[in-house]
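# Overview (structure and organization)
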Amino acid sequence: MSELSKAEAATDIYASLRANVGQLGQILGETMRSHLGDAFLEKVEQIRILAKKSRQGDDGAREQMLALLTALPDEELIPFAKAFNQFLNLANIAEQFHTISRNCDELVCVPDPVEQLLGRLLNHDLDKSQLHQCLSELDIDLVLTAHPTEISRRTLIQKYASVVDCLTSLENPQLTEREHSQLQLRLRQLIAQIWHTNEIRHERPTPVDEARWGLSTIEASLWQAVPDFLRQLNDQFEKKTGLQLAKDVSPVRFSSWMGGDRDGNPFVTAHVTQEVLDRNRHAAARLYLKDIITLMGELSMEEANDELKALTNNSNEPYRDVLKSLRQKLRNTIDYLNDRLEGQQPDIDFNSIIWEQSDLQAPLECLYQSLCDSGMRLIAHGLLLDILRRLACFGIHMLKLDIRQDAERHSDVIAELTRYLGLGDYDHWDEDEKQAFLLRELSSRRPLLPPNWKPSADVAEVLSTCALISKQSSKALGSYVISMASKPSDVLTVLLLLKESGCTYPMRVVPLFETLKDLTGAAACIKELLQIDWYRGYTKGMQEVMIGYSDSAKDAGVMAAAWAQYRAQEELVAVCKQADVKLTLFHGRGGTVGRGGGPAHQAILSQPPGSVDGRIRVTEQGEMIRFKFGLPKLAVQSLALYTSAVMEATLMPPPEPKKAWRDCMQSIADESVLAYRGIVREEPDFVAYFRAATPEIELGKLPLGSRPAKRKVGGGIESLRAIPWIFAWSQNRLMLPAWLGAGEALSSAIEQGKLSLLQEMEREWPFFETRISMLEMVYTKAEPNLSRYYERCLVPIELHHLGDKLRSRLQLGIDTVLSLTQSDELMSHTPWSRESVKLRNPYIDPLNFLQTELLARTRNEDQASEKVQLALMLTIAGVAAGMRNTG
């Protein structure tokens, strides 16, 4: 399809999409009219039209719109912000629905990626047994995290999902007129509920609240999506190869940081983690109970194999007898967990509950085998197989919980202990001394912790967490992640603390390399660890390493960080290969480009060759969980994308980059980090400009997540977390962290005569092509004129020079990328995505302009009214909804 016809097709797609957007918008308008009257609705519509004209270059319309916004009385601020906020949310729903609609266009809904990949792989002379083995051994672990980027409340998310259900039902061509009217009424009711629900939480969620939110995603979507996906995967595989997948195959699993991530979050304690573990198990028991009750209604047959007959004493309903026993055990399990959640420690006969996975899996497999042996394979492959596949994916703990803590907190424990024991100050020892001490104690059979020692509160909490870990089933927990890791002693310290706490199983202890310096030294650290005999024995030939995207980009800029991440992975692959150790890379990606975000399929295929090898862990953060997994059909698509990408990266890895590409990329990285740090670290006015030109300070008041915005109270930019850092710049539409330094470095490379080399890299090297594609997306989203307006209204005039410099750098980057891609406009190869951004802009702009007015009011008044403050929060939520990502 030509570029012109692609663009025309995208416009046609939006014609059908706009029908749904228009329908939802019209109902929203009717709701506002009934609540606030015609005059208010007319003002909203007038501002919307003026914003659209302003987008088309009409300066008069822009000034008229600004006059209306600044003149809004206090009583109209909240409903106005609410109107545009909810329109953007409804537009998101309509677009999300369009991707799973039966009327979905080929430009939006590509054919199933697994089916396409299987065809390509078979054409590349890969035999069926290779494909079967690869698919059977895939280990894709998606780690749900509660970083504060999901700005929508859970109650609203549930209502948005119900809107999608209505839109889906309305597509049924056989609806009667009465059924159609009932669905329309339901839509109006839902949108009225949405309008009358507060978008902003009154209180910051607790870590337990966040964990409940993660569980609700599984219950509402993934519980159904996982068996649906596996059935679809098996059908495609059988169609292409004639082979079937095993009933317990689970290429994708789910873990969580919700309630386990205590890095800089004082609210995640050992008590909280225990509660979350119990809630996870409780949710799983409830869902399995529901399945078992349904299955009892289905498995009414009498014929059974000898094993089942013997098990049930030749019962007339052998399947139901087994299921009745499981039903009672699950009910007992729920009662037991209820008591624990209420703070009790009840005695229990563990034979009467489901406490090990085999307690549920073994009886169900017995039923499955009996059905197959008795000629009822068709029945066995119904709900029973779905339950077995859910068990393979979720287990009885629902989500494996990771523990994360900062490396400094662990060394503080050892330092306090060595001082108490009179051994000196661990913090003042060099790395060799630390390792010698740690390895000596790891090999010792005597306890290290004195029984009478009274540690400080912070140290006691770390020890309580380790004690908690020691009491759990190994299947309840995932990895122990050490943030800001840099040295082998960081890993050995955690292993010693776990040993001293009585942990009897080898928990994975995973260093997280986050800064540019730490990424550069990652391979050397792992190499040194793997040369330690004790450590090699502990790992049993498996090593997991986490790559940090957020903090490395905040430290060095996206271009230098991306190259450091790539090189670190290459070197880690080589080190582990040499040591004959299987490496699993854990990618700490966020939703935004500035935090390693972007399309998952594209990101996985751009990793270094050999770095995937059938195994990968990836964080799914904040609002991206909803966008990828919030609806069952969307979740099936996302699971298919992950599976196909990991298979392709394993069986058909990308090419090794040429030396010329590597040299060029290194030069770009070196140039970009200097350009980035030259602004962020060395520009004396930068911090003052940042805090004036963005709502960074006000974001700290928004009750998004349980974790504080800063690692250290009172710290500056360096202590600010990567999420609010990026969130703030996305609000004023400059998007600075996602591009600063990249354009300058690429421009310099072109000036050095490397344009043809860059174009070759963009064509032939997936890593570089992905970097350019992500730059195009953030450049498209950036709005220099809006950032200039924020500056004019909020920034002292003596700092305006910095805004001019930043916008000049932004334009340089845009011009450079267009020169590289030989295109007239950004994202010309992805018209759907480009049009998606353009569609939202006229609705986001008024919120930006109003936000600027409200920021000025709150900063200039001693005490801004509650209405002004709430309206400001609503504009932040609305801009986030329109941008489709926050942190």
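Being a predicted model, the structure only gives us computed values, none of them experimental.

A few words on the overall build of the protein chain. Along the protein chain, the regular secondary structure elements total 38 helices and eight strands. Projected onto its principal axes, the C-alpha coordinates of the protein chain cover approximately 85 × 80 × 60 Å. Pairs at least 24 apart in sequence give 82% of the contacts found in the protein chain among residues at least 6 apart. Accessible surface computed for the protein chain: about 35200 Å², of which carbon and sulfur atoms make up 49%. Charge centroids of the protein chain, computed over 100 positive and 119 negative side chains, lie 2 Å from each other.

Considering soluble globular proteins, one finds that nonpolar side chains tend to be buried as a cluster. Formed by 278 residues in total, the largest nonpolar core has its most connected members in Phe254, Leu364 and Phe768. Once residues within four sequence positions are removed from consideration, Leu364 is found in contact with Ile292, Leu295, Leu323, Leu326, Leu384, Ile387, Leu388 and Leu391.

A few words on a nonpolar patch on the surface. Taken together, the side chains of Tyr420, Leu421 and Leu423 make up a nonpolar region of the molecular surface, amounting to roughly 280 Å² of accessible area. Examined against the element boundaries, Leu423 turns out to sit in the loop between helix H16 (407-421) and helix H17 (431-443).

Turning to helix H33 (residues 755-764), a few remarks are in order. Within H33, burial applies to Leu758, Gln759, Met761 and Glu762. Across the axial projection of H33, the buried residues extend over an arc of 160°, all falling on one side. Within H33, the exposed residues directed more than 90 degrees away from the buried face are Ser756 and Arg763. Where the residues of H33 are buried, they touch helix H28 (659-680), helix H32 (742-751), helix H34 (766-781) and helix H36 (800-821).

Time to look at H28. Taking 1.5 Å per residue, 22 residues should reach 32 Å; H28 reaches 31 Å between its end C-alpha atoms and fits that length. Taken together, the buried positions of H28 are Trp661, Cys664, Met665, Ile668, Ala669, Ser672, Val673, Ala675, Tyr676, Ile679 and Val680.

The next point concerns the pattern of salt bridges. Opposite charge on two side chains permits pairing when their charged atoms draw close. Across all of its chains, the model carries 47 salt bridges by this definition. The salt bridge partner of Glu45 is Arg48, with a shortest N-O separation of 2.5 Å. In this pair, Glu45 and Arg48 both sit in helix H2 (residues 38-55), three residues apart, roughly one turn of the helix. A residue is classified by how much of its surface remains accessible, and Glu45, at 35% relative accessible area, is partly exposed. For the salt bridge of Lys659 with Asp663, the shortest nitrogen-to-oxygen distance reads 2.7 Å. Here Asp663 and Lys659 lie together in helix H28, a separation of four residues that amounts to about one turn. Owing to a relative accessible area of 61%, Lys659 belongs among the exposed residues under this scheme.

Further remarks concern the sheet that holds strand S5 (residues 508-513). Spatially, eight strands are ordered S1-S2-S3-S4-S5-S6-S7-S8 in a closed barrel, and the strand pairing comes out parallel. When strand polarity is set aside, the average angle formed by the axes of neighbouring strands in this sheet is 25°. Where strand S4 (residues 477-483) meets S5, four bridges bridge the pair, whose relative direction is parallel. Across the sheet, residue Ile482 finds its bridge partner in S5, namely Pro511. Contacts from helix H19 (residues 488-500) reach S4 and S5, with the element oriented near 150° to S5.

It is worth spelling out a negative patch on the surface at this point. A cluster of acidic residues, Asp430, Asp432, Glu433 and Glu528, forms a negative patch at the surface. Among the structural elements, Asp432 can be located in helix H17.

Bringing the state of the cysteines into the picture now. Summed over the entire model, instances satisfying the criterion amount to zero disulfides. Counting only cysteine sulfurs, Cys134 is the nearest neighbor of Cys393, a cysteine outside any disulfide, at a range of 18 Å.

Bringing the side chain of Glu500 into the picture now. Looking at where Glu500 falls in the secondary structure, it is placed in helix H19. Taking relative accessible area as the criterion, Glu500 reaches 17% and is therefore assigned buried. Within polar-contact distance, the side chain of Glu500 engages the backbone nitrogen of Leu448 at 2.7 Å. Setting aside chain neighbours within four positions, we find Glu500 in contact with Arg446, Pro447, Leu448 and Leu449.

Counted according to the given criterion, the structure contains 29 aromatic pairs. An angle of 25° between the planes, with centres 5.3 Å apart, marks the rings of Trp223 and Phe394 as stacked. Taken together, the positions of Trp223 in helix H9 (residues 207-241) and Phe394 in helix H15 (residues 383-394) put the pair 171 residues apart, joining distant regions of the chain. For the pair Trp223 and Phe394, a shared accessibility class is recorded, and that class is buried. Three or more aromatic residues joined by ring pairs form one cluster here, namely Trp223, Phe254, Tyr288, Phe394 and Phe629. When the ring centre of Trp355 is taken as reference, the NZ or CZ atom of Arg281 above it lies at 3.6 Å. In this structure, Lys434 packs its charged tip against the face of Tyr426, placed 5.0 Å from the ring centre.

Next up on the list: the pairing of S4. Judged by how many residues are buried, S4 sits mostly within the fold: seven of seven residues are covered. Where strand S3 (residues 400-406) and S4 come together, five bridges link them in parallel fashion. Residue pairing across strands places Ile403 opposite Tyr480, the latter belonging to S4. For the handedness criterion, the β-α-β arrangement of S4, H19 and S5 is classed as right-handed.

It is worth spelling out the pairing of strand S2 (residues 252-256) at this point. For S2, a buried count of four out of five residues is recorded, marking the element as mostly surrounded by other parts of the structure. In this structure, strand S1 (residues 139-145) lies alongside S2, joined through five bridges in parallel fashion. Residue pairing across strands places Asp141 opposite Arg253, the latter belonging to S2. As defined by bridge partners, S2 adjoins S3 across two bridges and the pair is classed as parallel. Looking at S3, one finds that Ser256 is bridged to Leu401.

Positionally, Lys499 belongs in helix H19. In this structure, Lys499 is in contact with Glu441, Leu442, Ser444 and Arg446, ignoring residues within four places of it in sequence.

Conventions we followed
Residues numbered from 1 in each chain as written. Predicted model: local features only at pLDDT ≥ 70, side-chain atom pairs only at ≥ 80, totals over all residues. Heavy atoms only, no water. Helix = DSSP H or I, 4+ residues; strand = E, 2+ residues; numbered from the N terminus. Contact = heavy atoms within 4.5 Å. Areas by Shrake-Rupley, 256 points an atom, 1.4 Å probe, with all protein chains shown as cover. Lys, Arg positive; Asp, Glu negative; His and termini not counted. Charge placed at Lys NZ, Arg CZ, Asp CG, Glu CD. Core = buried A, V, L, I, M, F, W, Y, C linked by side-chain atoms within 4.5 Å. Buried < 20%, exposed > 50% of the residue type's maximum accessible area, 1.4 Å probe, protein only. Patch = residues over 30% accessible without salt bridge, like charges linked within 9 Å, V, L, I, M, F, W, Y side chains within 5 Å. Salt bridge = Lys/Arg side-chain N within 4 Å of Asp/Glu carboxyl O. Arc of directions from axis to C-beta. Expected span 1.5 Å × (residues − 1). Pairing = 2+ DSSP bridges. Axes fitted to C-alpha atoms, helices over the stretch in contact; angles between N-to-C directions. Disulfide = S-S within 2.5 Å. Polar contact = N/O pair within 3.5 Å; in protein donor to acceptor, adjacent residues only side chain to side chain. Phe/Tyr/Trp six-rings, centres within 6.5 Å; stacked < 30°, edge-to-face > 60°. Lys NZ or Arg CZ within 6 Å of the ring centre and 35° of its normal. Right-handed = clockwise from strand over helix to strand, strands pointing away.

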